[in-house]
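# Fold and geometry: a report
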Protein chains: 2
Amino acid sequence: MRISELARRSEVPVATIKYYLREKLLPEGVLTSPTQAQYDDSHVARLRLIRALLGPGGLSIAGVRRTLRALDQPAESLHNLLGTAHEATAEAAAERDDLTRARELIDRLGWHIDDDSRAVQSLAEALDGIDAGGFQVPDGAVDVYAEAMRTVAENELSNTPEGPEEMIRYVVLGTVLVEPLLLALRRLAQQDASYDKFKKPS
Amino acid sequence: MRISELARRSEVPVATIKYYLREKLLPEGVLTSPTQAQYDDSHVARLRLIRALLGPGGLSIAGVRRTLRALDQPAESLHNLLGTAHEATAEAAAERDDLTRARELIDRLGWHIDDDSRAVQSLAEALDGIDAGGFQVPDGAVDVYAEAMRTVAENELSNTPEGPEEMIRYVVLGTVLVEPLLLALRRLAQQDASYDKFKKPS
């Protein structure tokens, strides 16, 4: 199909498609003349994915590029694959000099985390942000969060599909696209718990 | 203190402070001459909070404005307070016409959610985003997410501090500043679960 048809089917404007082509997020079409290229269903699917990562996934263009690269590259090992997915979908946080508190928390939880994991940076940033906002997480609450996330993670890992390509999709997309779902569910769960605590007819 | 001292102590550039003043995120200082104002510790604290909401909290300027308004306004009831906090910290999502799937999920979970809750929109958006990215959440996984978030929410509600001002801070800041913590913990928990599954010496 031509670019105009690709725009219609993907619901992405032609100018935006050209931008993604320039940014190499979308593979070039097959040239049928010096000024015209043909696109196929794989371009439609990739455009939808780019939109999902930029929109609900909340990634930047650079984050989308890293994520697509991770999707396109073969995995070395299943464990490394997860690291690649996390690396690709982690938005650039300022490098922290001081990871002490984050590492102490991880040690206390007894979790096995690679030394160069980006998620340790994210944890340090989250803890700093809570401090900077003058908020205090009540004692014990961090452990409740950690335990809940460990339960979630164990279930996610048990669902890993067979086959390297399927697994890459699952890990990369499951990491980034499920985050808005979790946060929406937390807010809804708070509203339901608040109903039980303050409004439920006894 | 003068604005230059306020900039030094809050580590926010003078030009940015002036922008926040124009945007009415920061209250005016007390004028000591037609061109000079005095600021106090409450301005330092408010600047730190704005930075935390914009940075780790991931809010826009408009989201910060709504959040600060919620912090400054008295609560009508404890249950409404939570709605105000969620409303204030929800970033503008496109209004969804079709909330059917989100409502079906909430019904299935048996949760009590107000009809006009913004979190239902967020849930619909998250579900749409997962579809748009060509991802499928495995059967049963949504229930695991929901149950984990319900556990988290119950613990959060049980920790609500006494006193309306303290409670507003807790609900508004706890909602938005804890989100990065939860997401960082999920990624770390995935890495630990992956270690257990693929790398643990047996």
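Residues numbered from 1 in each chain as written. Chains lettered and ligands numbered in written order. Predicted model: local features only at pLDDT ≥ 70, side-chain atom pairs only at ≥ 80, totals over all residues. Heavy atoms only, no water.

Below, the discussion takes up the overall build of chain A. Along its length, chain A carries 9 helices and 2 strands. In terms of C-alpha radius of gyration, chain A reaches 21 Å, well past the compact-globule figure of 17 Å for 202 residues. Dimensions of chain A along its principal axes, counting C-alpha atoms only, are 65 × 50 × 35 Å. In chain A, which comprises 202 residues, the share counted as buried stands at 47%. Contacts in chain A between residues at least 24 apart in sequence constitute 56% of all its contacts with a sequence separation of at least 6. Seen as two clouds, the 24 positive and the 32 negative side-chain charges of chain A have centres 9 Å apart. (Helix = DSSP H or I, 4+ residues; strand = E, 2+ residues; numbered from the N terminus. Rg over C-alpha atoms; globule rule 2.2 N^0.38 Å. Buried < 20%, exposed > 50% of the residue type's maximum accessible area, 1.4 Å probe, protein only. Contact = heavy atoms within 4.5 Å. Lys, Arg positive; Asp, Glu negative; His and termini not counted. Charge placed at Lys NZ, Arg CZ, Asp CG, Glu CD.)

This paragraph deals with the nonpolar core. Counting 131 residues, the largest nonpolar core has Leu 123, Val 137 and Tyr 145 of chain A together with Leu 123 and Leu 181 of chain B as the members making the most contacts within it. Excluding residues within four positions of it along the chain, Leu 123 of chain A makes contact with Ala 102, Leu 105 and Ile 106 of chain A together with Leu 181, Ala 184, Leu 185 and Leu 188 of chain B. (Core = buried A, V, L, I, M, F, W, Y, C linked by side-chain atoms within 4.5 Å.)

Below, the discussion takes up the pattern of salt bridges. By the definition in use, this model includes 22 salt bridges over all chains. In this structure, the salt-bridge partner of Glu 23 of chain A is Arg 65 of chain A, at a minimum N-O distance of 2.6 Å. Of the two residues, Glu 23 of chain A is situated in the loop between helix 2 (14-22) and strand 1 (30-33) and Arg 65 of chain A in helix 4 (residues 61-72); the sequence distance between them amounts to 42 residues. Across the salt bridge formed by Asp 143 of chain A and Arg 108 of chain A, the nearest N and O atoms sit 2.9 Å from each other. Placement of Asp 143 of chain A in helix 8 (residues 141-158) and of Arg 108 of chain A in helix 6 (residues 100-109) is noted, with a sequence separation of 35 residues between them. Judged by relative accessible area, which is 52%, Arg 108 of chain A ranks as exposed. Each of Arg 150 and Glu 154 of chain A together with Asp 192 and Asp 196 of chain B takes part in a single network of salt bridges with overlapping partners. (Salt bridge = Lys/Arg side-chain N within 4 Å of Asp/Glu carboxyl O.)

To continue, consider the packing of aromatic side chains. All names here are of chain A. One pass over the structure, following the stated rule, counts 3 aromatic pairs over all chains. A centroid spacing of 5.9 Å and a plane angle of 50 degrees characterise the contact between Tyr 19 and Tyr 20, whose relative ring orientation is tilted. Classification of Tyr 19 by relative accessible area gives partly exposed; the value is 30%. (Phe/Tyr/Trp six-rings, centres within 6.5 Å; stacked < 30°, edge-to-face > 60°.)

Mean pLDDT over chain A: 85, with 92% of residues reaching 70 or higher. This complex was scored by the predictor with a pTM of 0.80 and an ipTM of 0.80. (pLDDT = per-residue confidence, 0-100.)

Rotating chain A by 180 degrees and translating it 0.0 Å along the rotation axis places it on chain B, where the RMSD comes to 0.0 Å. On this basis, the relationship between the two copies can be described by a two-fold rotation axis. Relative to the rotation axis, the closest C-alpha in chain A is found at Ala 148 of chain A, a distance of 2.6 Å. A symmetric contact is evident, with 100% of the interface residues of chain A recurring at the interface of chain B. (Least-squares fit on C-alpha atoms with pLDDT ≥ 70 in both.)

On to the environment of Pro 13 of chain A, then. All names here are of chain A. Here Pro 13 shows up in the loop between helix 1 (3-10) and helix 2. For Pro 13, a relative accessible area of 44% puts it in the partly exposed group. Sequence-wise, Pro 13 and Ile 3 are 10 residues apart; in three dimensions their C-alpha atoms are separated by 9.5 Å.

This next bit is on the environment of Ala 45 of chain B. Considering the arrangement of structural elements, one finds Ala 45 of chain B in helix 3 (residues 41-54). Along the primary structure Ala 45 of chain B and Thr 84 of chain B are separated by 39 residues, whereas in three dimensions their C-alpha atoms are 22 Å apart.

With that settled, the discussion passes to the pairing of strand 1 (residues 30-33) of chain B. All names here are of chain B. Pairing of strand 1 with strand 2 (residues 36-38), which is carried by 3 bridges, proceeds in the antiparallel orientation. Looking across to strand 2, one finds that Leu 31 is bridged to Ala 37. Here strand 1 hands over to strand 2 after 2 residues, the two strands then running antiparallel side by side. (Pairing = 2+ DSSP bridges.)

With that out of the way, let us pick up the interface of chain A and chain B. Taken together, the contact pairs 78 residues of chain A with 78 residues of chain B. In total, about 7,500 Å² of surface goes out of reach between chain A and chain B, with carbon and sulfur atoms giving 70% of it. Area buried by chain A at its contact with chain B is led by Tyr 145, Arg 186 and Arg 187 of chain A, which between them contribute 10% of it. We note a salt bridge from Arg 150 of chain A to Asp 196 of chain B, for which the minimum N-O separation is 2.9 Å. Inspection of the region where chain A meets chain B yields 22 residue pairs in polar contact (both at pLDDT 80 or more). The set of elements that each furnish at least two residues to the side of chain A that touches chain B consists of helix 3 (41-54), helix 5 (78-89), helix 6, helix 7 (118-132), helix 8 and helix 9 (164-199) of chain A. If you tally residues by element for the side of chain A that touches chain B, the top one is helix 9 of chain A, at 28 residues. (Buried area = accessible area lost by both parts, 1.4 Å probe. Polar contact = N/O pair within 3.5 Å; in protein donor to acceptor, adjacent residues only side chain to side chain.)

Turning our attention to the environment of Arg 169 of chain A. Note on placement: Arg 169 of chain A falls in helix 9. Sequence separation between Arg 169 of chain A and Ala 85 of chain A is 84 residues, and the spatial gap between their C-alpha atoms is 9.4 Å. Sequence-distant contacts of Arg 169 of chain A, defined by excluding residues within four places in its chain, comprise Leu 71 and Gly 174 of chain A together with Gly 133, Gly 134 and Phe 135 of chain B.

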